[in-house]
Amino acid sequence: MKRRTFVGAAASLPAVSILSGAARAQAKEIRMIESGGASGESIQKGYIDPLKAKTGITVVRESPSSLGKLRALVESGQTTTTLFELGSGVVLQAKKLGLIEKIDWAAVNPAPMFPEAKNEYGFGYQYFSTIMAWRKGAKEPKNFTEFFDVKAFPGKRCLPDFPHYCLPFALQAAGVPIDKLFPLDVDLAFKKLNEIKKDVAVWWKAGAQPPQLMKDNEVQYSICWSGRVVGDPAFGLNFAGGKADLSYIAIVKGSSAENKAAAYKLFYEMSLPENQAKAAEVISYTGPSPNLDPLLPKDKLWQFPTSKQNKEVQYFENAEWWAENGEAVNKKWEAFKLSL
């Protein structure tokens, strides 16, 4: 329910009812399911704590999040969980399955945001990047053409066991510029991966694997999540050609008007650059404000996905292309893995 509708309806009630209703709204508790770890702690420090201080609204966090869990919640008819964290591609799936609510952005009234973060069905609250990294002392590649050149840059590689990460990087190695990656030339990407596969020691599934493998000197080069390696002197890294993506907070289908009104207040707090700066103190990922850079430590700007110097050299995930083509590509990926 929009805030103006709520106020208008309350206007006809006795004063005591208005006051008690406001008191209930301020004391309201909503629940959120998020991905956990440092990311969840950044939500707490950056957004939930300021919301509590300003409005008295409590947000209870749980983790982890998954599409299956969201689907089970909605199909069971539950009304206790209001907010749910989803990846960019999963937002589209959840929308098609009718699991999330459309956001009333007029009710949120956010501070300025990057346009891709202001989704019809999700608040893009946290940017993260997938980038190249290497063990300190290894020869440093400047782009993915060099990263894939095992003769000029000798060493074992560690690549993600996920086609939506690997294929666009392989295309860059084949000479495709980042603004021409989509629609993906899938056959060309697999051709490039076939050239390097004998030098891939590990295809990782867990984000903690690449940095540990590099520290153990089992691999010298990795494609990994930036938050796992930035600020660690054991690694070199480069955002050039990296994949920028967003994690979204969505409203669970069937949430009450009162809970949605509280969620919109949280979304407003999430749009404020000063709160995003607090969240970035916990994890080296950034929020969607175009005015965030001046609030971040100047000596650490190079670590963040949305700092001007990094955002300009990355490509942004095309969730719609993957939603339409992902199933077919996954089948080709499984066939490719059998050839290893």
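What counts, and at which threshold
- All residue numbers refer to position in the chain's written sequence, counted from 1.
- At least 70 in pLDDT is required for a residue's local features to be given in this predicted model, at least 80 for side-chain atom pairs to be given and counted, and no such filter applies to totals for whole chains, interfaces and linings, which use all residues.
- The side-chain numbers reported here are obtained from all heavy atoms of the structure, hydrogens and water having been left aside.
- In this description a helix means any DSSP run of H or I spanning at least four residues, a strand means any run of E spanning at least two, and both kinds are numbered starting from the N terminus.
- Here the expected length of a helix is defined as 1.5 Å per residue gap, with one fewer gap than residues.
- In this analysis the local bend is the angle between axes fitted, respectively, to the seven residues ending at and the seven residues starting at the residue.
- Exposure classes here rest on a 1.4 Å probe applied to the protein chains alone. A residue is buried below 20% of its type maximum, exposed above 50%, and partly exposed in between.
- Note on pairing: two strands pair once DSSP finds at least 2 bridges between them.
- Only buried residues count toward a nonpolar core, which is a set of Ala, Val, Leu, Ile, Met, Phe, Trp, Tyr and Cys residues joined through side-chain atoms within 4.5 Å.
- Contacts are assigned to residue pairs that have any heavy atoms within 4.5 Å of one another.
- An axis is simply a line fitted to the C-alpha atoms; with a helix, the fit covers only the stretch in contact. Between two such axes, the angle follows the N-to-C directions and lies from 0 to 180 degrees.
- Each angle is binned into one of four classes, with values under 35 degrees roughly parallel, values over 145 roughly antiparallel, values of 65 to 115 roughly perpendicular, and all other values oblique.
- The hand of a helix crossing depends on one turn: near helix anticlockwise from the far one by less than a right angle means left-handed, and clockwise means right-handed.
- We call Asp, Glu, Lys and Arg charged. Ala, Val, Leu, Ile, Met, Phe, Trp, Tyr, Cys and Pro are nonpolar, and the rest, Gly among them, are polar.
- We define a salt bridge as a contact between a side-chain nitrogen of Lys or Arg and a carboxyl oxygen of Asp or Glu at a distance within 4 Å.

K.L.:
Any chance you could explain helix H3 (residues 37–55) here in plain terms?
P.N.:
An α-helix turns once per 3.6 residues; consequently, residues spaced three or four apart project the same way. When the terminal C-alpha atoms of H3 are compared, their 26 Å separation across 19 residues agrees well with the 27 Å that a helix rising 1.5 Å per residue should span. Considering bend angle alone, the principal kink of H3 is centred on Gln44 and spans about 35°. Within H3, burial applies to Ser39, Gly40, Ser42, Ile43, Gly46, Tyr47, Ile48, Pro50, Leu51 and Thr55. After H3 finishes, the residue Gly56 shows a positive phi value of roughly 80°.

K.L.:
Help me out: how do you make sense of the pairing of strand S6 (residues 157–160) in this one?
P.N.:
Remember that side chains alternate between the two faces of the sheet whenever the strand is regular. Side-chain alternation along S6 places Arg157 and Leu159 on one buried face and Cys158 and Pro160 on a second face that is also buried. Pairing between S6 and strand S7 (residues 200–204): 4 bridges, direction parallel. Considered in S7, the bridge of Leu159 is made with Trp203. Where S6 meets strand S8 (residues 221–225), 2 bridges bridge the pair, whose relative direction is parallel. What sits directly across from Cys158, in S8, is Ser222.

K.L.:
I keep staring at the nonpolar core and nothing clicks. Help me out?
P.N.:
The tendency in soluble globular proteins is for nonpolar side chains to be buried side by side. With 42 residues, the main nonpolar core has Leu70, Leu83, Leu86, Ile100, Leu266, Phe267 and Met270 as its most contacted residues. With 6 residues, helix H11 (residues 257–271) is the largest single contributor of residues to this core. Not counting the four nearest positions on each side in its chain, Leu266 is found in contact with Met32, Tyr47, Ile48, Leu51, Val59 and Leu83. The next biggest cluster of nonpolar side chains, apart from the first, holds 32 residues, and it includes Leu167, Tyr221, Ile223 and Trp321.

K.L.:
How do you make sense of the environment of Phe304 when you look at a structure like this?
P.N.:
Looking at the element boundaries, Phe304 is found in the loop between helix H12 (273–280) and helix H13 (308–311). Distance in space between the C-alpha atoms of Phe304 and Glu195 is 32 Å, their sequence separation being 109 residues. Filtering out sequence-adjacent residues up to four positions away, Phe304 remains in contact with Phe239, Ala280, Ile283, Ser284, Tyr285, Thr286, Leu296 and Asn310.

K.L.:
Even after reading the chapter, I still don't get the packing of H3 against H11, so can you show me in this structure?
P.N.:
Two packed helices can be described by the angle between their axes and the distance between those axes. Direction vectors running N to C along H3 and H11 enclose 120°, while the axes themselves pass 9 Å from each other. When the axes of H3 and H11 are compared, the pair comes out oblique. The hand of the H3/H11 crossing is right-handed. Residues Tyr47, Ile48, Pro50, Leu51, Lys54 and Thr55 of H3 form the contact with H11, whose participating residues are Lys265, Leu266, Glu269 and Met270. Its residues assigned to classes, the contact of H3 with H11 comprises 6 nonpolar, 1 polar and 3 charged.

K.L.:
Looking at this structure, how should I read the pattern of salt bridges?
P.N.:
Pairing of side chains with opposite charge becomes possible as their charged atoms draw close. Counted according to the given criterion, the structure contains 21 salt bridges. As a salt-bridge pair, Glu195 and Lys192 come within 3.1 Å of each other at their nearest N and O atoms. A residue pair is termed a helical-turn pair when its members lie 3 or 4 positions apart in one helix, as Glu195 and Lys192 do in helix H9 (residues 186–196) at 3 residues. Accessibility expressed as a relative area gives 45% for Glu195, which makes it partly exposed. In this structure, Asp245 engages Lys243 in a salt bridge whose closest nitrogen and oxygen atoms are separated by 3.5 Å. In terms of burial, Asp245 and Lys243 fall into one category: buried. Within this structure, Glu29, Arg31 and Glu62 form a network of salt bridges that share partners.

K.L.:
Looking at this model, I keep getting lost on H12. Mind explaining?
P.N.:
Where burial is concerned, most of H12 is hidden: 6 out of the 8 residues are buried. Residues of H12 that are buried include every one of Pro273, Asn275, Gln276, Ala277, Ala279 and Ala280, and no others. Where H12 is buried, its residues contact H3 and H11.

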